[in-house]
Amino acid sequence: MIIANWKMNGSKDLIKQWMDFVSQNIEINPSKTCIFCPPTCYIDFSRNLIKQCSKDIKLGSQQLDFESSLPLTGGTNSKMLEDLGCDFVIIGHSEQRIYLNESNKILSNKLIKAIDMNLKPIFCVGESLQQKKASKTKDILTDQLSAIPSNLVNECIIAYEPVWAIGTGENAEISYIKEIHSFIKESLKNKINSANYISVVYGGSVNLENYKEIYSSNKVDGLLIGGASLDSDTFTKIYNMS
Ligand code: PGA
């Protein structure tokens, strides 16, 4: 699966231009899901464009609030996302963990709420540079993965995004990515004592130069692309050629 995470970027005009180009040039392969995650305020606008171009581009939300029934000004709950036509939702992105102080308890709640509404969570995990340097990566990932309730492990897609690689142009070495993806897959299998397949996608400065090598590993089930996905030509090339 190839995921475009637009973060807090774009406008109606830019999304329209992107969608026009992508829908005309992308060669959708049903075994490689294409997911577009615009800012929340443009989800409905994007859904209408996808309908018009009748390409099988799935919609994902970049956020979800942890409670459905609180009188929460500014909140977006999972029922709303389902109503807007989302199939996926990004949960636990490092930017939200950092700026919004999201704890494991909050993230567990979000996972439960998403899955209740048949939204597939893309659950992000990853270590900071300081944690990597202190050889704490696996401990940090183990703690982050513990937010997933055991009975929901099979419902989640995991995105491994080393924090030090996000938006920095510094992507992880392929051997490191393989090692960490294997670790995540094994940890989750052990947690639920099951041999079910667990998809782990990679994110962090994926671009036209490095996507091929990263995606060629059998431990990498997809790419979560931020900055480079804003460019319709780059995103289409990465999708078509991966
Ligand atoms: P990046 O972002 O590709 O710009 O590093 C990835 C992400 O944060 O999802």
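Presented here is a report on the structure given in the accompanying data block. (Residues numbered from 1 in each chain as written. Predicted model: local features only at pLDDT ≥ 70, side-chain atom pairs only at ≥ 80, totals over all residues. Heavy atoms only, no water.)

On to the nonpolar core. Counting 60 residues, the largest nonpolar core has Ile-158, Ile-184 and Leu-223 as its most contacted members. Core analysis: the next-biggest nonpolar cluster, separate from the first, contains 12 residues, Met-1, Ile-35, Cys-37 and Leu-224 among them. (Core = buried A, V, L, I, M, F, W, Y, C linked by side-chain atoms within 4.5 Å. Buried < 20%, exposed > 50% of the residue type's maximum accessible area, 1.4 Å probe, protein only.)

In this structure the tally under the stated criterion is 6 aromatic pairs. Look at Trp-6 and Phe-36: their rings are 5.4 Å apart centre to centre, the planes differ by 85°, and that puts the pair in the edge-to-face class. On the criterion of sequence distance, the pair formed by Trp-6 in the loop between strand S1 (2-5) and helix H1 (12-25) and Phe-36 in strand S2 (residues 34-37) is long-range, its members being 30 residues apart. The pair Trp-6 / Phe-36 is uniform in exposure class, with both members buried. An angle of 55° between the planes, with centres 6.3 Å apart, marks the rings of Tyr-160 and Tyr-202 as tilted. Taken together, the residues Tyr-160 in strand S6 (residues 157-160) and Tyr-202 in strand S7 (residues 200-203) connect sequence positions 42 residues apart. Grouping aromatic residues by their ring pairs yields a cluster made of Trp-6, Trp-18, Phe-36 and Phe-235. Sitting above the plane of the Tyr-239 ring, Lys-32 keeps its charged end 4.5 Å from the centroid. The lysine or arginine in question, Lys-132, covers the ring of Tyr-176, its NZ or CZ lying 4.8 Å from the ring centre. (Phe/Tyr/Trp six-rings, centres within 6.5 Å; stacked < 30°, edge-to-face > 60°. Helix = DSSP H or I, 4+ residues; strand = E, 2+ residues; numbered from the N terminus. Lys NZ or Arg CZ within 6 Å of the ring centre and 35° of its normal.)

Turning our eyes to something else, we now look at the site of the ligand. Around the ligand sit 13 residues, and of these Lys-7, His-93, Glu-161, Gly-167 and Ser-205 come closest. Here an oxygen atom of the ligand sits 2.7 Å away from a polar atom, N or O, in the side chain of Lys-7. Contact between the ligand and Gly-226: an oxygen atom at 2.9 Å from a main-chain N or O atom of the residue. Burial of the ligand by the protein chains amounts to 95% of its free accessible area of 280 Å². Partitioned by chemical class, the residues of the shell around the ligand number 4 nonpolar, 7 polar and 2 charged. (Near = heavy atom within 4 Å. Polar contact = N/O pair within 3.5 Å; in protein donor to acceptor, adjacent residues only side chain to side chain. Areas by Shrake-Rupley, 256 points an atom, 1.4 Å probe, with all protein chains shown as cover. Nonpolar A, V, L, I, M, F, W, Y, C, P; charged D, E, K, R; others polar.)

Taken as a whole, the largest pocket spans an internal volume of roughly 510 Å³. In this structure, the largest pocket is lined by 21 residues; those nearest its centre are Gln-62, Gln-63, Glu-95, Gln-96 and Leu-100. For the lining of the largest pocket, the secondary-structure elements that each account for two or more residues are helix H4 (94-99) and helix H5 (104-116). The element best represented in the lining of the largest pocket is H4, accounting for 3 residues. Here the second largest pocket defines a volume of roughly 220 Å³. If you go around the second largest pocket, you meet 14 residues; those closest to its centre are Arg-97, Gly-126, Gln-131, Ile-140 and Gln-144. Within the residue set of the lining of the second largest pocket, elements represented by two or more residues are H4 and helix H7 (137-145). (1 Å grid on protein atoms, 1.4 Å probe; cavity = no way out; pocket = protein on both sides within 12 Å on 5 of 7 lines; lining within 4 Å. Points joined across faces, edges and corners; volume = space filled by probe spheres on them.)

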